[in-house]
Amino acid sequence: MMMKGEMWSNLGSTMAAIMFMYAMFRQYFPLQLQDYIFRYSKKLSNFMYPYIHVTFDEFTGERMKRSEAFSAIQNYLSGKSSAYAKRLKADVVKDSQSLVLSMDYDEEITDEFNGVKVWWAASRSTPKTQQFSFYPASDEKRFYILKFHKRDREFITGTYLIHVLKQGKAIAAYNRQRKLYSNSAGQGWSGYKSTRWTHVVFEHPATFDTLAMDAKKKQEIKKDLVKFSKGKEYYAKIGKAWKRGYLLYGPPGTGKSTMIAAMANFLNYDVYDLELTTVKNNVELRRLLIETSNKSIIVIEDIDCSLDLTGQREKKKKKDENEEEMDPISKKAKEEEKKESEVTLSGLLNFIDGLWSACGGERIIVFTTNHVEKLDPALIRRGRMDKHIEMSYCRFEAFKVLANNYLDIDTHPLFGEIGRLLEEIDMSPADVAENLMLKSDDEEEDETCLKNLIEALKAAKEEARKKAEEEARLKAEKEQKEKEHAQKEEKEKEKEHSVKEDVKQDAISAKEVKENGVIH
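Residues numbered from 1 in each chain as written. Predicted model: local features only at pLDDT ≥ 70, side-chain atom pairs only at ≥ 80, totals over all residues. Heavy atoms only, no water.

Enquirer: Could you give an account of helix α4 (residues 153-175), with specific residues and numbers?
Expert: Counted at 1.5 Å a residue, the expected span for α4 with its 23 residues is 33 Å, and the 31 Å between its end C-alpha atoms agrees. At Tyr160, α4 shows its largest bend, some 35°. When α4 is considered as a whole, its buried residues turn out to be Ile156, Tyr160, Leu161, Val164, Gly168 and Asn175. (Helix = DSSP H or I, 4+ residues; strand = E, 2+ residues; numbered from the N terminus. Expected span 1.5 Å × (residues − 1). Bend = angle between axes of the 7 residues up to and from the residue. Buried < 20%, exposed > 50% of the residue type's maximum accessible area, 1.4 Å probe, protein only.)

In structure tokens form, the structure reads like this:
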């Protein structure tokens, strides 16, 4: 018993002596000498230590983009984590039908491939300095550490890591759940890995089969999408970034948003709904582009309303001419107004097909607008918006799709009259669909819906007739007023001319009196 007590006493004394010597070493030894000692002691320990460590950080490229290797490793380890790790994290995928498990931080699991054993560990580091933030984990760095024996270096860095990346990508494709992203306001960003995009599960049911559009036009669009999705080698051969632009234009209610959902479902792509008004400047716009994934559709809806991009180049010139005349207070007020969003037409053009647009691939950019004539031609030219698709009013072919969707009928005696009215009247597919919406389970409800649609079309026709008559009346009144105004101006000109002639004649008479002294 005494021997054990003496042993612990000696151990405590030894530890205290070592700590004292280390403190003296750090305080009194020159820094250059300390660095020299630490460097060579580390080399000595590495020489003696038989294992190699490889770190895979979550973010790469100046911490602007999430590492594909990190994601692949995370997916690869998910299966092994569920079998061996003691602490796990769970996430729901595949339409909320299954769980994916991954190991928690500071856990380590063993993997074996072709007889070679390796160790994987999940870790994270937090900033040492204390700071107040609404986003406390924003500066947290996550990474995986791979440990293996140095004799297996060539096998691990070659065969094994390729195997891990391939398996991880295959698992990601199998578990992939499409998402709908929306950009958050710029002032909420904090830290290098803070989320610029928030997302929900994309569950829109629209398909090309349910889209109210001419069948030939739908087939043309589908062929174009398939050609793009399989065109990686073709785009590389012609020297263009693997992206394609679509401009959807037409009146409200013609199915522009539904078309985007159908495109996403057809290609199995994610959707990024970009709200330009929350983007502070062109730099933030580029960062948003970098964070979008491959196989995605980037959407800017109602671009003519998002920002004033219809004539910025002309307005810029006017601003430069008038800015010098402003007093400091006016300049300050103008700057405050500009803080809402400083995204420029030039920045948006670079976003679409500039150098930054080549960061990533297999992306579709979609603009929608109700007023295509208001957009700057540079924004929608071919090469930026490669395909222009007009979303028009509902015609008979589109109506038959809607009738099949809503009423499950392909033909009906009332179809003839409806087809004739649709050729005469401009009604959006949304308005047609509203009239076809079943209100009950009555078997005769189908015919009631069709009759309601006919009445709505006749009412719209009558309203259009009255509107045309009103416009014709107003036009005639305007022409009459213009004619009367022109006649009045003509009479005033004749009167003015007559007065001038009288004045001229009086002047001549006065001159003759002055010269001759007589009045004739």
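After presenting the structure, the write-up continues.
Enquirer: Requested: an account of the packing of helix α14 (residues 396-407) against helix α16 (residues 429-436), with residues and values cited.
Expert: Closest axis-to-axis distance for the α14/α16 pair is 10 Å, and the angle between their directions is 35°. The handedness of the crossing between α14 and α16 comes out as right-handed. Contacts from Phe399, Leu402, Ala403, Tyr406 and Leu407 in α14 reach Pro429, Val432, Ala433 and Leu436 in α16. For the contact of α14 with α16, a count of residues per class yields nine nonpolar, no polar and no charged. (Axes fitted to C-alpha atoms, helices over the stretch in contact; angles between N-to-C directions. Left-handed = near helix turned anticlockwise from the far one by under 90°. Contact = heavy atoms within 4.5 Å. Nonpolar A, V, L, I, M, F, W, Y, C, P; charged D, E, K, R; others polar.)

Enquirer: Tell me about the nonpolar core, and name the residues and values.
Expert: Core analysis: the biggest nonpolar cluster contains 27 residues, and Phe208, Leu225, Met259, Met263, Ile297, Ile364 and Val366 have the highest contact counts within it. Of all the secondary structure elements, the ones that give two or more residues to this core are α5 (215-229), β11 (243-249), α7 (256-267), β13 (296-300) and β14 (363-369). Looking at this core, the element that brings in the most residues is α7, giving seven residues. Ignoring any residue separated from it by four or fewer positions in sequence, one finds Ile364 in contact with Leu225, Phe228, Arg244, Tyr246, Met263, Leu267, Tyr269, Ser296, Ile297 and Ile298. Core analysis: the next-biggest nonpolar cluster, separate from the first, contains 26 residues, Trp197, Leu289, Phe351 and Ile352 among them. (Core = buried A, V, L, I, M, F, W, Y, C linked by side-chain atoms within 4.5 Å.)

Enquirer: So what's going on with the sheet that holds strand β6 (residues 107-113)? Which residues, and what values?
Expert: If you trace the four strands from one edge of the open sheet to the other, you get β1-β8-β7-β6, paired in antiparallel fashion. Among the strands making up the open sheet, the edge pair consists of β1 (51-57) and β6. When strand polarity is set aside, the average angle formed by the axes of neighbouring strands in this sheet is 25°. Examined bridge by bridge, β6 and strand β7 (residues 116-125) share seven bridges and lie antiparallel to one another. Counterpart to Ile109 in the pairing with β7 is Trp120. (Pairing = 2+ DSSP bridges.)

Enquirer: Explain the side chain of Arg142 residue by residue, including any values.
Expert: By secondary structure assignment, the location of Arg142 is in strand β8 (residues 141-149). Here the side chain of Arg142 touches Glu58 through a polar contact of 2.7 Å, side chain to side chain. Reaching out from Arg142, the side chain makes a polar contact with the side chain of Tyr105 at a distance of 3.3 Å. (Polar contact = N/O pair within 3.5 Å; in protein donor to acceptor, adjacent residues only side chain to side chain.)

Enquirer: Just give me the short version of a nonpolar patch on the surface, but keep the residues and values in it.
Expert: Nonpolar side chains collect at one region of the surface, where Met7, Trp8, Leu11, Met15 and Ile18 lie side by side and expose about 550 Å² of accessible area between them. Structurally, the position occupied by Leu11 is in helix α1 (residues 2-28). (Patch = residues over 30% accessible without salt bridge, like charges linked within 9 Å, V, L, I, M, F, W, Y side chains within 5 Å. Areas by Shrake-Rupley, 256 points an atom, 1.4 Å probe, with all protein chains shown as cover. Salt bridge = Lys/Arg side-chain N within 4 Å of Asp/Glu carboxyl O.)

Enquirer: Please give an account of the pattern of salt bridges that cites residues and values.
Expert: For the coordinates displayed, the defined rule picks out 16 salt bridges. Among the ionic pairs, Asp353 bridges to Arg381, the shortest N-O distance being 3.5 Å. Of this pair, Asp353 sits in helix α12 (residues 345-353) while Arg381 sits in the loop between α13 (377-380) and β15 (387-390); the two residues are 28 residues apart in sequence, bridging distant segments of the chain. On the basis of relative accessibility, which here comes to 25%, the residue Asp353 falls in the partly exposed class. Looking at Arg381, the relative accessible area reads 37%, which means it is partly exposed. Ionic pairing is found between Glu477 and Arg473, a salt bridge with its closest N-O pair at 2.5 Å. One end of the pair, Glu477, and the other, Arg473, are both in helix α17 (residues 445-516), four residues apart, so they sit about a helical turn from each other. One salt-bridge network, held together by shared partners, links Asp353, Arg381 and Arg384.

Enquirer: Could you give an account of the sheet that holds β11, naming the residues involved and the relevant values?
Expert: Spatial ordering of the open sheet is given by β10-β9-β12-β13-β14-β11-β15, a layout of seven strands whose pairing is mixed. The sheet is open, and its two edges are formed by β10 (197-201) and β15, each paired on a single side. Across the sheet, the mean angle from the axis of one strand to that of its neighbour is 20°, orientation sign disregarded. As judged from the three bridges shared by strand β9 (residues 179-183) and strand β12 (residues 270-273), these two strands associate in the parallel manner.

Enquirer: Lay out the environment of Thr277 with the relevant residues and their values.
Expert: Note that Thr277 resides in the loop between β12 and α8 (282-290). In this structure, the C-alpha to C-alpha distance between Thr277 and Cys305, residues 28 residues apart in sequence, is 9.5 Å. Reaching out from Thr277, the side chain makes a polar contact with the side chain of Glu275 at a distance of 2.6 Å.

Enquirer: Lay out the packing of α14 against helix α15 (residues 415-424) with the relevant residues and their values.
Expert: In the contact formed by α14 and α15, the axes pass within 9 Å of each other and the chain directions differ by 130°. It follows from the interaxial angle that α14 and α15 lie oblique. Our pair here, α14 against α15, has a crossing hand that is right-handed. Counted together, Phe396, Phe399 and Ala403 of α14 and Phe415, Ile418, Gly419, Leu422 and Glu423 of α15 form the full contact between these two elements. The class makeup of the residues in the contact of α14 with α15 is six nonpolar, one polar and one charged. (Parallel < 35°, antiparallel > 145°, perpendicular 65-115°, else oblique.)

Enquirer: Help me get a handle on unusual backbone geometry, residues and values and all.
Expert: The backbone phi angle of Asn268 is positive, close to 65°, even though this residue is not glycine. A positive phi angle is found at Glu362, which is not glycine, with a value near 55°. For Glu362, the position within the fold is in the loop between α12 and β14.

Enquirer: Just give me the short version of the pairing of β13, but keep the residues and values in it.
Expert: Where burial is concerned, most of β13 is hidden: five out of the five residues are buried. In terms of strand pairing, β13 meets β14 through five bridges, oriented parallel. Within β14, the residue paired with Val299 across the bridge is Val366.

Enquirer: Break down the side chain of Lys147 for me, with residues and values.
Expert: As for its position among the elements, Lys147 is in strand β8. For the buried Lys147, no salt bridge is present, and the opposite-charge side chain at shortest range is Glu108, 4.4 Å distant. Contact partners of Lys147, with chain neighbours within four places excluded, come to Tyr49, Tyr51, Ile52, His53, Glu108, Val118 and Trp119. (Lys, Arg positive; Asp, Glu negative; His and termini not counted.)

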